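Each chain is listed here by its residues.
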Number of protein chains: 2
Amino acid sequence: MSDDIGSLDEGASPVEKFREFLVTKRQRLTREREIIVEEVFSSHEHFEPDDLIDRLSNRHDSRRVSRSSVYRTLALMEEAGLLRKVARPNGREVYEHDYGYPQHDHLICDQCGMLIEFHNEEIASIVERIASEHAFLRKSHRLEVYGTCADCRRPKQRRPRKLDLI
Amino acid sequence: MSDDIGSLDEGASPVEKFREFLVTKRQRLTREREIIVEEVFSSHEHFEPDDLIDRLSNRHDSRRVSRSSVYRTLALMEEAGLLRKVARPNGREVYEHDYGYPQHDHLICDQCGMLIEFHNEEIASIVERIASEHAFLRKSHRLEVYGTCADCRRPKQRRPRKLDLI
DNA sequence: CTAAGTGCAAATGTTTTGCAGAATC
DNA sequence: GATTCTGCAAAACATTTGCACTTAG
């Protein structure tokens, strides 16, 4: 189990990592929770609770999980550091993996909604410095840059001149 | 009205700034919208739609504004750059002024929910550099650092007597 | 004068919750 | 065997919308 592991969990599977988290909260790794974690980590796509619910609550086999359990488990997974939320330009938020995937942030296009991931060490260290200046214990951060992506910036040939001032 | 102003609106009041935005969308600055903007900018506190609704929809005088109009106007104000959203540790979001207030980011305490504002030039320029590397036109960003504030890190021996610090 | 906005109430969409029975440690 | 979970259905929320009336420009 989680004997003397400690920092060895770097290579642990998401399910293992989740189990360790649950142990600290005296909670259980049920079949349903395992199914949900597996489903979530079977793809790197961003997703909303409803996507998962579609995939898990409509089936009629032994891997069906109820809507409530999906919500309950997603909250736990976020708390466990397996998932984090990212904003979409439409004002909504989606989940993404926060485990087994390198730390990164996003450029978010307000035209087409595309998410561009990037990683930057400098930002991480500046953030760390600012945190310590405030005696703040940093656990994670979320940086989102809003604007327009290269594709959407290209002059749109001629669009029907809808706003030509009548 | 908005003749040749352009960049002069730096010092304009929130209501003026909003009016200029509305003009570009061929929309109107109604009495209700003006009341909402005034109410929002009468205090620097973070707030949720419901806070405003409490203050504006329950009154029985000429400054009453309906729930729908509050929602509709907040969305416009966000679009106009007067407001932006900030996450709270409880998974919710609140609005804060994004006009007439210096650009800043937040440290967010996951224990007590306190928001600590900070400003950092370096981050802004790194973000700008990353954006241009991706041919991304940066308009704004949001950086939130999650963790535990100094107060909450203190061993909880005795509850922090907050009134002692001044 | 007319396009745009308001208030209302109903509709929507999402997330949470109480509870009885089931599963886990 | 006690505690923790699950699934269900209902409840709770937060936000949006259709529509008749009102109003800004």
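Refer to the structure printed above.
Residues numbered from 1 in each chain as written. Chains lettered and ligands numbered in written order. Predicted model: local features only at pLDDT ≥ 70, side-chain atom pairs only at ≥ 80, totals over all residues. Heavy atoms only, no water.

Remarks on the sheet that holds strand β3 (residues 105-109) of chain B
Pairing in this open sheet of 6 strands is mixed, and the strands run β4(A)-β3(A)-β5(A)-β5(B)-β3(B)-β4(B) from one edge to the other. The open sheet has two free edges, formed respectively by β4 (115-118) of chain A together with β4 (115-118) of chain B, since each of these has just one partner strand. Strand-to-strand twist across the sheet, computed as the mean angle between neighbouring axes with direction ignored, equals 20°. Two elements, β3 of chain B and strand β5 (residues 137-148) of chain B, share 4 bridges in a ladder whose sense is parallel. The residue of β5 of chain B that forms the bridge with Leu107 of chain B is Val145 of chain B. (Pairing = 2+ DSSP bridges. Helix = DSSP H or I, 4+ residues; strand = E, 2+ residues; numbered from the N terminus. Axes fitted to C-alpha atoms, helices over the stretch in contact; angles between N-to-C directions.)

Here we look at the environment of Val37 of chain A
Residue and element names in this part refer to chain A. Looking at the element boundaries, Val37 is found in helix α2 (residues 31-40). With 24 residues separating them along the chain, Val37 and Ser13 place their C-alpha atoms 10.0 Å apart. Residues in contact with Val37, not counting those within four places in the same chain, are Pro14, Val15, Phe18 and Met77. (Contact = heavy atoms within 4.5 Å.)

Some thoughts on the interface of chain B and chain A
Across the contact, 34 residues belong to chain B and 35 residues belong to chain A. Buried area between chain B and chain A, summed over both chains or domains, comes out near 3200 Å², and the portion from carbon and sulfur atoms is 61%. Ranking the residues of chain B by area buried against chain A places Phe136, Arg142 and Tyr146 of chain B at the top, with a combined share of 20%. Inspection of the chain B/chain A interface yields 4 salt bridges. Two residues, Glu122 of chain B and Arg129 of chain A, come together in a salt bridge whose shortest N-O distance is 3.1 Å. Where chain B meets chain A, there are 18 residue pairs in polar contact (both at pLDDT 80 or more). Those elements giving two or more residues to the side of chain B that touches chain A turn out to be β3, β4, α5 (121-133), β5 and α6 (150-153) of chain B. Take the side of chain B that touches chain A: its biggest share by element is 12 residues, from β5 of chain B. In terms of residue class, the side of chain B that touches chain A is made up of 17 nonpolar, 7 polar and 10 charged. (Buried area = accessible area lost by both parts, 1.4 Å probe. Salt bridge = Lys/Arg side-chain N within 4 Å of Asp/Glu carboxyl O. Polar contact = N/O pair within 3.5 Å; in protein donor to acceptor, adjacent residues only side chain to side chain. Nonpolar A, V, L, I, M, F, W, Y, C, P; charged D, E, K, R; others polar.)

Some words on unusual backbone geometry
Positive phi is not limited to glycine here, since Arg26 of chain A has a value of about 55°. When you line up the elements, Arg26 of chain A lands in the loop between α1 (14-24) and α2.

Quick notes on the environment of Ile108 of chain A
Residues and elements named next belong to chain A. Residue placement: Ile108 occurs in strand β3 (residues 105-109). Overall, Ile108 belongs to the buried group, its relative accessible area being 0%. A sequence separation of 56 residues divides Ile108 from Leu52, and the C-alpha atoms of the two residues are 23 Å apart. (Buried < 20%, exposed > 50% of the residue type's maximum accessible area, 1.4 Å probe, protein only.)

With respect to the nonpolar core
Judged by nonpolar contacts, the single largest core of 26 residues is most densely connected at Ile123, Phe136 and Leu143 of chain A together with Ile123, Phe136 and Leu143 of chain B. Elements represented by at least two residues in this core include exactly β3, β4, α5 (121-133) and β5 (137-148) of chain A together with β3, β4, α5 and β5 of chain B. Within the second largest apolar cluster, 25 residues are counted, among which are Val40, Leu56, Val65 and Ala80 of chain A. (Core = buried A, V, L, I, M, F, W, Y, C linked by side-chain atoms within 4.5 Å.)

Notes on the packing of aromatic side chains
All names here are of chain B. Enumeration over the complete set of coordinates arrives at 4 aromatic pairs over all chains. Between Phe18 and Phe21, the aromatic rings sit 6.3 Å apart at their centres with planes inclined by 5°, giving stacked as the arrangement. Of this pair, Phe18 and Phe21 are both found in helix α1 (residues 14-24), 3 residues apart, which corresponds to roughly one turn of the helix. In this structure Phe18 comes out as buried when scored by relative accessible area, which is 0%. Phe21 sits in the buried class, given a relative accessible area of 15%. (Phe/Tyr/Trp six-rings, centres within 6.5 Å; stacked < 30°, edge-to-face > 60°.)

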